[in-house]
Amino acid sequence: MQYQAENQTITIPSGDHLISLRNRKRMDLTSVKSIERFDQQEFYVRTSQGILHIKGEDLKIVHLDVDKGLLTLEGIVRAMQYDEEQSLDGARGLLHKLFG
């Protein structure tokens with residue numbers, strides 16, 4: 001996969017997960033499988049490396065290409081954290097059992 005950075009093109013091996021964060025205001029991600037949940041304060045993104053939880057302010061999707069696994073967000077990024085894939089599924093399972 002080819003990834004176009006500001007003045008250069010980077011070749012990323014297929015399946016590799018890369019995050020580029022510019023001035024905490026623009027984030028590019030590769031190997032994105034899906035967006036589980038999102039609003040202006042947080043995103044839950046399923047990547048090849050697990051669920052990435054992104055917290056911030058005024059977050060919005062600028063570009064999404066699910067076929068290529070590319071996502072670009074803009075806003076102010078305050079924090080990022082990876083969770084195991086099962087944790088989000090487990091939470092959804094519990095809510096489904098309670099309210100499903």
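Residues numbered from 1 in each chain as written. Predicted model: local features only at pLDDT ≥ 70, side-chain atom pairs only at ≥ 80, totals over all residues. Heavy atoms only, no water.

An unreviewed UniProt entry lists the protein chain under the name Sporulation protein YabP, from Psychrobacillus psychrodurans.

## So, the side chain of Thr30
Residue placement: Thr30 occurs in the loop between strand S4 (26-29) and strand S5 (32-38). Relative accessible area serves as the criterion here: at 1%, Thr30 is assigned to the buried category. A distance of 2.8 Å separates the side chain of Thr30 from the backbone nitrogen of Leu18, its partner in a polar contact. (Helix = DSSP H or I, 4+ residues; strand = E, 2+ residues; numbered from the N terminus. Buried < 20%, exposed > 50% of the residue type's maximum accessible area, 1.4 Å probe, protein only. Polar contact = N/O pair within 3.5 Å; in protein donor to acceptor, adjacent residues only side chain to side chain.)

## Some remarks on the nonpolar core
Listed in full, the 11 residues of the largest apolar core are Met27, Leu29, Val32, Phe43, Val45, Leu52, Ile54, Leu59, Leu71, Leu73 and Val77. Contributions of two or more residues to this core are made by S4, strand S6 (42-47), strand S7 (50-65) and strand S8 (70-83). Contact partners of Val77, with chain neighbours within four places excluded, come to Leu21, Arg24, Met27, Ile54, Lys55, Gly56 and Leu59. (Core = buried A, V, L, I, M, F, W, Y, C linked by side-chain atoms within 4.5 Å. Contact = heavy atoms within 4.5 Å.)

## Examining a nonpolar patch on the surface
A cluster of nonpolar side chains, namely Phe38, Ile61, Leu64 and Val66, defines an oily patch on the protein surface of about 360 Å² accessible area. With respect to the secondary-structure elements, Ile61 resides in strand S7. Owing to a relative accessible area of 33%, Ile61 belongs among the partly exposed residues under this scheme. (Patch = residues over 30% accessible without salt bridge, like charges linked within 9 Å, V, L, I, M, F, W, Y side chains within 5 Å. Areas by Shrake-Rupley, 256 points an atom, 1.4 Å probe, with all protein chains shown as cover. Salt bridge = Lys/Arg side-chain N within 4 Å of Asp/Glu carboxyl O.)

## Quick word on the sheet that holds S4
The strands making up a sheet associate through hydrogen bonds between their backbones, and the pairing can be parallel or antiparallel. Spatial ordering of the open sheet is given by S3-S4-S8-S7-S6-S5, a layout of six strands whose pairing is antiparallel. Both outer strands of the open sheet, strand S3 (19-22) and S5, are each paired with one neighbouring strand and no more. Adjacent strand axes in the sheet meet at a mean angle of 40° when their direction is disregarded. Across six bridges, S6 lies against S7 in antiparallel orientation. Residue pairing across strands places Arg46 opposite Ile51, the latter belonging to S7. (Pairing = 2+ DSSP bridges. Axes fitted to C-alpha atoms, helices over the stretch in contact; angles between N-to-C directions.)

## Focus: the confidence of the model for the protein chain
On average, residues of the protein chain score 82 in pLDDT, and 69% of them are at 70 or above. For the protein chain, the element scoring lowest by mean pLDDT is helix H1 (residues 85-99), at 52; S4 scores highest, at 96. (pLDDT = per-residue confidence, 0-100.)

## Considerations on the side chain of Ser31
For Ser31, the location among the structural elements is in the loop between S4 and S5. In terms of polar contacts, Ser31 uses its side chain to reach the backbone carbonyl oxygen of Asp16, at 2.4 Å.

## Brief notes about the environment of Phe43
Structurally, Phe43 can be placed in strand S6. In this structure Phe43 comes out as buried when scored by relative accessible area, which is 0%. For Phe43 and Ile54, which are 11 residues apart along the polypeptide, the C-alpha to C-alpha distance reads 5.1 Å. When residues no more than four places from it in sequence are discounted, the contact partners of Phe43 are Ile35, Arg37, Phe38, Leu52, His53, Ile54, Leu59, Lys60, Ile61 and Leu73.

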